[in-house]
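For reference, the chains in residue letters:
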Amino acid sequence: MAYDKFNILKTTAVPLPIENVDTDQIIPARFLKATERKGFGDNLFRDWRYNPDNSPKEDFVLNNPTFSGKILVGGKNFGSGSSREHAAWAVYDYGFRCVVSSFFADIFKNNCLNIGVLPVQVSAPFLEKIFEAIYADPKAELVVNLPEQTITLTTTGESESFDINHYKKDNMLNGFDDIDYLLNIKENIREFAEDTPL
């Protein structure tokens, strides 16, 4: 499934300074029955966002209109727990295009990269500066530059670089998932098959 190309993202951010956020908190297991990548955003952080009677919990950040944006800033060890790809689907479907943390669980990180959510890993001190800036001014913006692999805090101009696999970077710049990538090079594959003896 193709998704929007990711190049440079400049936006406000939503702070979630909680460590060890696992995939069951991101999308509870009871919502994993669907097999399409649609509708999961409604249940992102479901048990943190809503009371048992489905009324919103006013103290949860996603229910606070003060904070908004396409970047979710999480605490250390974001996306730990089970390997459910639905967690990444929920993040994307809600509207986030980037998650920032000082450490990501590997499987969650790869699931995000596969569907167009950019996981940006920064140092712990820089993460704290981001949180401080957002709480001081919810309109503070972050600039995530994928071609340059940098993230910049606009209020101070401070910046850090981040790592990303070259193949995944190329896919995100083009809006490809793995299947889209293969379809894009099908002529190369065909030519290789024709020129390669059995």
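Throughout, residues of each chain are indexed from 1 in the direction in which the sequence is written. Per-residue local features are limited, in this predicted model, to residues with pLDDT of at least 70; the limit for side-chain atom pairs, both in listing and counting, is 80 or more; totals at the level of whole chains, interfaces and linings are taken over all residues. As a rule here, side-chain values cover all heavy atoms of the structure and leave hydrogens and water aside.

- Per an unreviewed UniProt entry, the chain goes by 3-isopropylmalate dehydratase small subunit and derives from Arenibacter echinorum.
- UniProt annotates the chain under Sequence similarities (unreviewed entry) with the comment "Belongs to the LeuD family. LeuD type 1 subfamily."
- UniProt positions are given in the numbering used here, feature names are shortened, and annotations may be inferred rather than shown by experiment. Word for word, the UniProt comment on the chain under Catalytic activity (unreviewed entry) is "(2R,3S)-3-isopropylmalate = (2S)-2-isopropylmalate".

## Description of the overall build of the chain
- Scanning the chain for helices and strands turns up 8 helices and 8 strands.
- To sort residues, take the accessible area from a 1.4 Å probe on protein chains only and compare it with the maximum for the residue type: under 20% means buried, over 50% means exposed, and anything in between is partly exposed. Counting the 198 residues in the chain, one finds 44% classified as buried.
- Contacts are assigned to residue pairs with any non-hydrogen atoms lying within 4.5 Å of each other. At a minimum sequence separation of 6, the contacts of the chain that also span at least 24 residues come to 67%.
- Surface accessibility in these figures is a Shrake-Rupley result with a 1.4 Å probe; residues are shielded only by whichever protein chains are displayed. When the accessible area of the chain is evaluated, it comes to approximately 10,400 Å², of which 50% is carbon and sulfur surface. The numbering of helices and of strands both runs from the N terminus, where a helix is a DSSP run of H or I of at least 4 residues and a strand a run of E of at least 2.

## Description of the pattern of salt bridges
- Salt bridges, as used here, are contacts in which a Lys or Arg side-chain nitrogen is within 4 Å of a carboxyl oxygen on Asp or Glu. What the rule picks out here adds up to 3 salt bridges.
- Close ionic contact of Glu 158 with Lys 129 constitutes a salt bridge, the shortest N to O distance being 2.6 Å. With Glu 158 in the loop between strand E7 (150–153) and strand E8 (159–161) and Lys 129 in helix H5 (residues 124–136), the pair connects residues that are 29 residues apart, well separated along the chain.
- Since its relative accessible area comes to 29%, Glu 158 is described here as partly exposed.

## Considerations on the packing of helix H3 (residues 86–94) against helix H4 (residues 106–115)
- Here, axes are lines fitted to C-alpha atoms. For helices the fit covers the stretch in contact, and angles between N-to-C directions go from 0 to 180 degrees. Where H3 contacts H4, the axes come no closer than 8 Å and their chain directions differ by 50°. As summarised for this structure, H3 and H4 are arranged oblique, according to the angle between their axes. Considering how the two elements wind past one another, H3 and H4 form a crossing that is right-handed. Side by side, H3 and H4 meet where Ala 87, Ala 88, Trp 89, Val 91 and Tyr 92 of the first sit next to Phe 108, Asn 111, Cys 112 and Ile 115 of the second.
- All residues other than Ala, Val, Leu, Ile, Met, Phe, Trp, Tyr, Cys, Pro, Asp, Glu, Lys and Arg, Gly among them, are scored as polar; the first ten of these are nonpolar and the last four charged. Classifying every residue of the contact of H3 with H4 gives 8 nonpolar, 1 polar and no charged. Every angle not falling under 35 degrees, over 145, or within 65 to 115 is termed oblique; those three ranges are roughly parallel, roughly antiparallel and roughly perpendicular. Note on convention: near helix rotated counterclockwise from far helix by under a right angle means a left-handed crossing. Clockwise means right-handed.

## Some details on the sheet that holds strand E3 (residues 71–74)
- In space, the 4 strands of this open sheet follow the order E2-E3-E4-E5, with parallel pairing throughout. Where the open sheet ends on each side, the last strands, each with one partner, are strand E2 (13–16) and strand E5 (118–121). The mean angle between the axes of side-by-side strands here comes to 20°, regardless of whether they run parallel or antiparallel.
- Pairing of strand E4 (residues 98–101) with E5, which is carried by 4 bridges, proceeds in the parallel orientation. Each pair of strands is called paired provided DSSP finds at least two bridges between the two strands.

## A closer look at the side chain of Asn 77
- Topologically, Asn 77 is positioned in the loop between E3 and H3.
- A polar side-chain atom of Asn 77 sits 2.9 Å from a polar atom in the side chain of Asn 20.
- In this view, Asn 77 contacts Asn 20, Val 21, Ser 101, Phe 103 and Ala 105; residues no more than four positions away in its chain are not counted. We define a polar contact as two N or O atoms separated by no more than 3.5 Å, with the added condition that, inside protein, one atom must be a possible hydrogen donor and the other a possible acceptor, whereas residues neighbouring each other in sequence contribute only through side-chain atom pairs.

## Overview of the nonpolar core
- Remark: nonpolar core denotes a set of buried residues (Ala, Val, Leu, Ile, Met, Phe, Trp, Tyr, Cys) joined through side-chain atoms within 4.5 Å. In terms of nonpolar packing, the biggest core is built from 53 residues, with Phe 45, Val 73, Phe 78, Val 100, Leu 118 and Val 144 touching the most fellow members.
- Residues contacting Val 144, with those up to four places away along its chain left out, are Phe 6, Asn 7, Ile 8, Leu 9, Ile 71, Cys 98, Leu 118, Val 120, Thr 150, Ile 151 and Phe 162.

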